[in-house]
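Okay, here's what each chain looks like letter by letter:
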Amino acid sequence: MSDFNSKLNNGPCLGLFSKTTDSAFVEAAGLGGMDFIILDQEHGPCGLETLHHHVRAARLGRIASIVRVRGVDSHAIGSALDSGADGVQVPNINTAEQAREAVAAARFHPMGQRGVCRFVRAANYGTMEKDRYFSDSNTQTLVLQVEGTEGVRNMDAILDVGGFDVLFVGPYDLSQSVGLPGQVDAPEVLALIEEIAAKASAKGVLLGAFSDQVSRSKDLMAAGFNYIAHSVDVNVFAEACQRMKGDICG
């Protein structure tokens, strides 16, 4: 089990999404005490070269780095893990087959079929002992993200897929899927989240979710969510600027 997975299993961890190309934000998030940061390649500008710099910055800031790729894409998942990131998050999981594909792409044999190259940053550019690299890599955090009604309908089958660590709920896309885009506190959305949480908890699967409200993040912790992504780095900065200007200028 990786250090970050051990931390997740011992209690709630608080992180945030990163949508910047400046690795200083990543390092600062760690120095500020956050547990993890999600380097967003789905809705953010982070390309592969920037990703490598972000992962280095995360290591300096002593914060776990999780890469959200754009979807179930074996090459994207493998490249993200080759960077030396602590894990990968795969969005838009709607079926058990997609879940199995994500696991296969993120794990080496016998757990999966991840493409093999040991001359990458994750393997210290080929200087790490081979057996250690292949065994350690299979303990990296794998987060599967469910964010639509189809995924909710297939939840039991998705949860029966082995090899992943966290089931993550995307409330904004979930609100879109029920015809209420952005209304993450709507009863229909909250009911689906509760349904997902109940099923995951019954099968001993760790839960994660996004929140952009302090009260909601506290509620998620109280409800047993261990992987909580609170807001986005650039939004945290923008809101801090607004508060500072208000405090100074009135």
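Residues numbered from 1 in each chain as written. Predicted model: local features only at pLDDT ≥ 70, side-chain atom pairs only at ≥ 80, totals over all residues. Heavy atoms only, no water.

1. Quick word on the overall build of the protein
Scanning the protein from terminus to terminus reveals 12 helices and eight strands. By the compact-globule yardstick of 18 Å for 250 residues, the protein fits well, its C-alpha radius of gyration being 18 Å. Seen along its three principal axes, the alpha-carbon backbone of the protein occupies a region of about 60 × 45 × 30 Å. For the protein, with 250 residues in total, the buried portion stands at 49%. The contacts of the protein with a sequence gap of at least 6 include a subset with a gap of at least 24, amounting to 60%. For the protein, the computed accessible surface area is about 11700 Å², with 52% contributed by carbon and sulfur atoms. (Helix = DSSP H or I, 4+ residues; strand = E, 2+ residues; numbered from the N terminus. Rg over C-alpha atoms; globule rule 2.2 N^0.38 Å. Buried < 20%, exposed > 50% of the residue type's maximum accessible area, 1.4 Å probe, protein only. Contact = heavy atoms within 4.5 Å. Areas by Shrake-Rupley, 256 points an atom, 1.4 Å probe, with all protein chains shown as cover.)

2. Description of the side chain of Asp233
Inspection of the secondary structure puts Asp233 in helix α12 (residues 233-249). It turns out Asp233 is buried and unbridged, and the closest side chain with the opposite charge, Lys19, is 7.7 Å from it. For Asp233, the side chain forms a polar contact with the side chain of Ser18, separated by 2.8 Å. In this structure, Asp233 is in contact with Leu16, Phe17, Ser18, Lys19, Thr20 and Phe25, ignoring residues within four places of it in sequence. (Lys, Arg positive; Asp, Glu negative; His and termini not counted. Salt bridge = Lys/Arg side-chain N within 4 Å of Asp/Glu carboxyl O. Polar contact = N/O pair within 3.5 Å; in protein donor to acceptor, adjacent residues only side chain to side chain.)

3. Topic: the sheet that holds strand β7 (residues 206-211)
One closed barrel holds the eight strands; their spatial order is β1-β2-β3-β4-β5-β6-β7-β8, and the pairing between them is parallel. Going from strand to strand, the sheet's axes swing by 25° on average, the running direction of each strand aside. Relative to strand β8 (residues 227-232), β7 runs parallel, the two sharing four bridges. Note that in β8 the partner of Phe210 across the bridge is Ala229. Each of β3 (64-68) and β4 (87-90) touches helix α4 (residues 74-82); the most contacted strand, β4, lies at about 155° to it. (Pairing = 2+ DSSP bridges. Axes fitted to C-alpha atoms, helices over the stretch in contact; angles between N-to-C directions.)

4. Let's talk about the pattern of salt bridges
A side chain of one charge can pair with a side chain of the opposite charge if their charged atoms are brought near each other. Under the definition given, this model contains 11 salt bridges. Residue Arg114 pairs with Asp82 through a salt bridge whose shortest N-O separation is 2.8 Å. Note that Arg114 is positioned in the loop between α5 (96-106) and α6 (130-137) and Asp82 in helix α4, a separation of 32 residues in sequence. Using a relative accessible area of 4% as the deciding quantity, one classes Arg114 as buried. When the shortest N-O distance is used, the salt bridge between Arg107 and Asp165 registers 3.1 Å. Of the two residues, Arg107 sits in the loop between α5 and α6 while Asp165 sits in the loop between α8 (155-159) and β6 (166-169), which places them 58 residues apart along the sequence. Take Arg107: its relative accessible area is 3%, and that puts it in the buried class. For Asp165, a relative accessible area of 22% corresponds to the partly exposed category.

5. Here's the deal with helix α3 (residues 48-61)
In an α-helix there are 3.6 residues to a turn, and that puts residues three or four apart on one side. With 14 residues, α3 should cover 20 Å at 1.5 Å per step; its first-to-last C-alpha distance of 20 Å lies within 8% of that length. If you check which residues of α3 are buried, you get Thr50, Leu51, His54, Val55, Ala57, Ala58 and Gly61. The buried residues of α3 occupy one face: seen down the axis, they fall within an arc of 165°. Residues Glu49 and Leu60 are exposed on α3 and point more than 90 degrees away from its buried face. (Expected span 1.5 Å × (residues − 1). Arc of directions from axis to C-beta.)

6. Structural notes on the nonpolar core
With 52 residues, the main nonpolar core has Leu167 and Phe225 as its most contacted residues. Excluding residues within four positions of it along the chain, Phe225 makes contact with Pro12, Val169, Ile193, Ala197, Leu207, Gly208, Ala209 and Leu220. The next biggest cluster of nonpolar side chains, apart from the first, holds 16 residues, and it includes Phe4, Phe17, Ala64 and Leu206. (Core = buried A, V, L, I, M, F, W, Y, C linked by side-chain atoms within 4.5 Å.)

7. Focus on the environment of Val67
Position of Val67 among the secondary structure elements: in strand β3. A relative accessible area of 0% places Val67 in the buried class. When the C-alpha atoms of Val67 and Gln41 are compared, they prove to be 7.2 Å apart, with 26 residues separating the residues in sequence.

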